[in-house]
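# Fold and geometry: a report
Residue-level listing of the chains:
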Amino acid sequence: MSLLILLLGISLLFILILKKVNPMIALLAVAILTGLFLGMPASSVMSSISSGIGSTLGGMVMVLALGAMMGKLIEDSGSARKIVFILIKAFGKNNIQWAVLITGLMVGIPLFYNAGFVVLIPLIFAISAATGLSKIYIGLPMATALSVTHGFLPPHPGPVALAGIFHADIGKTLIYGLILTLPIAAIAGIFFPRLIIKKDQPIVTDLLIEEGSDLPSASRSFITALLPVFLIVAGTIGNSINIDFPAKSIFNFLSDPTAALLISIIITVLVQQTNIEKAMASCTEGVKSIAMIILIIAAGGAFKQILIDSGMGETVKNLTGNLNLSPLFLAWLITASLRVTLGSATVAAVTASGMVLPLIGPNASPELMVLSVGAGSLMFSHVNDTGFWMFKEYFNLSLKETFRTWTAMESIVSILGLIGVLILNQV
């Protein structure tokens, strides 16, 4: 009966989202109703709601806010555009897909998916015009890179939220995510498009894209874009050394994503030599852009806590205990099912977390559970996902073409992510 109530709750959530109800409101309403129908007293339901919001946001709200500030500073400074031009020159027109893919990965680390897409799409169109290659042939590698970083790499909202819920080390999660990212992005973003997309026109003259003189230098651009990742990875590696040494406390400090992002923002403002008032305005705009994302994650955390406090997580564990399946696979399968049903990758991930949290054990580390759920949250994007429509409209595709390109690419990333997580779990 409890499982039936959960399925009805998820169905209601799906209907509300289809009816264009704000996901935060939908999640809160469904969380309360699900808790009540599962037999929880009203006072316990509201206590779980408050506890879920606090526990979910408590350890990551600063990471999300600082990450958004960092991304906006990079966007407004022109560093993202500068990286594009540098890589295009380095790779040449015959390897333009690789240049776009690596650009997407680098830009996607500090920028959220929608922001990265909007920043890079004019450059994709300009590259298409200069090379004679079809827009989708060049654009799919960019979308793949942004999607992979969105699903696997902190400080994006999904991985950060899951790391907090599963009590995973964000530094280790980032390192594991980086191991998966490049091969998955290459397969889904380079080789897959070459199999299904015709170039339409032969490559013509040299690239005609003008950089402009108002962009920052190459060193500034690369430093600001990659600094948070470098600090977190360096801190995590240094902190993992088993022997004590004087600088270990410094590495421990740097491995904390809040500290790493704060340091990165300060260095970025200094390196870019931006007017402090303008820089702070960019930071404010950055936080505004993700305010609703933070609220959706908070509401998802409330739903997660209802599922935990009502015993639903244990129910799922008991039901799947005799299946003899990997907890990582089960986490991916449950999340993928919610993703197909609900549309939003973030909503699917935080909703699934409450169901799969009890599955963590000797056979599934918290960090790999984060990546498994992250991979599941990318599965089969279709008409209930805003990313689907954004890709369709910008590239002027039919529904059939969007399913054939975007949806297929997202599914490949999801399945390869699961395979990669299972391989890492055996190493």
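Residues numbered from 1 in each chain as written. Predicted model: local features only at pLDDT ≥ 70, side-chain atom pairs only at ≥ 80, totals over all residues. Heavy atoms only, no water.

## Remarks on the packing of aromatic side chains
Remark: the centre distance and the inter-plane angle together describe each pair of aromatic rings, the angle taken between the planes. Under the convention used in this document: Here is the rule: rings of Phe, Tyr and Trp (six-membered ring for Trp) pair when centre to centre is within 6.5 Å. Planes less than 30 degrees apart are stacked, more than 60 are edge-to-face, and the remainder are tilted. The secondary structure listing takes helices from DSSP runs of H or I that are at least 4 residues long and strands from runs of E that are at least 2 residues long, numbered from the N terminus.
For the structure shown, the criterion picks out eight aromatic pairs. Centre to centre, the rings of F117 and F395 are 6.4 Å apart; their planes meet at 90°, and the pair counts as edge-to-face. Of this pair, F117 sits in helix α7 (residues 113-131) while F395 is found in the loop between α20 (386-394) and α21 (399-426), placing the two residues 278 residues apart along the sequence. Following the ring pairs from residue to residue traces out a cluster consisting of F117, F391, Y394, F395 and W406.

## Details of a nonpolar patch on the surface
Our working definition: Two distance rules govern patches: like charges are joined within 9 Å, and nonpolar side chains (Val, Leu, Ile, Met, Phe, Trp, Tyr) within 5 Å, applied only to residues with over 30% relative accessible area and no salt bridge. The Shrake-Rupley method, run with a 1.4 Å probe sphere, supplies the accessible areas, and residue values consider only the shown protein chains as cover. Salt bridge, as used here, is a side-chain nitrogen of Lys or Arg placed within 4 Å of a carboxyl oxygen of Asp or Glu.
Together, L12, L33, L36 and F37 line one region of the surface with nonpolar side chains, adding up to about 360 Å² of accessible area. Sort the elements by how many residues they give to the nonpolar patch and helix α2 (residues 23-37) lands first, with three residues. Within the fold, L36 resides in helix α2.

## What to know about the nonpolar core
To keep it simple, the criterion reads: Here, nonpolar core means buried Ala, Val, Leu, Ile, Met, Phe, Trp, Tyr and Cys residues that are tied together by side-chain atoms lying within 4.5 Å of each other. Accessibility here uses a 1.4 Å probe with only protein chains present; expressed as a share of the type maximum, an area under 20% marks a residue as buried, one over 50% as exposed, and anything in between as partly exposed. In what follows, residue pairs with any heavy atoms lying within 4.5 Å of each other are defined as contacts.
Counting 113 residues, the largest nonpolar core has L13, F117, V356 and F391 as the members making the most contacts within it. Ignoring sequence-local partners within four residues, the contact set of F391 consists of F117, I136, L140, A143, L397, T402, T405 and W406. The next biggest cluster of nonpolar side chains, apart from the first, holds 22 residues, and it includes L64, I165, V269 and I290.

## Points about helix α11 (residues 218-239)
The cut-off we apply is this: For a helix, the expected span equals 1.5 Å multiplied by the number of residues minus one. A residue's bend is simply the angle between two axes: one fitted to the seven residues ending at it, one to the seven starting at it.
When the terminal C-alpha atoms of α11 are compared, their 30 Å separation across 22 residues agrees well with the 32 Å that a helix rising 1.5 Å per residue should span. Where α11 bends most, at L226, the angle is about 50°, and the proline P228 comes one to four residues later. The elements touched by buried residues of α11 are α4 (61-77), α5 (79-91), α6 (96-108), α10 (170-196), α12 (248-255) and α13 (257-272).

## Looking at the pattern of salt bridges
Considering all chains together, one arrives at four salt bridges under this definition. The shortest N-O distance in the salt bridge between K72 and D76 comes to 3.6 Å. On the criterion of helical spacing, the pair formed by K72 and D76 is a turn pair, its members being four residues apart in helix α4. Between E393 and K392 there is a salt bridge, with its nearest N and O atoms 3.2 Å apart. Residue classification places E393 among the exposed positions, given a relative accessible area of 52%. For K392, a relative accessible area of 13% gives the class buried.

## Some details on unusual backbone geometry
At K20, a residue that is not glycine, the phi angle is positive and equals roughly 70°. Relative to the helices and strands, K20 is located in the loop between α1 (2-18) and α2. Note on K20: relative accessible area 73%, which makes it exposed. Of note, N396 is a non-glycine position whose phi angle comes to about 55°, a positive value. The topology assignment puts N396 in the loop between α20 and α21.

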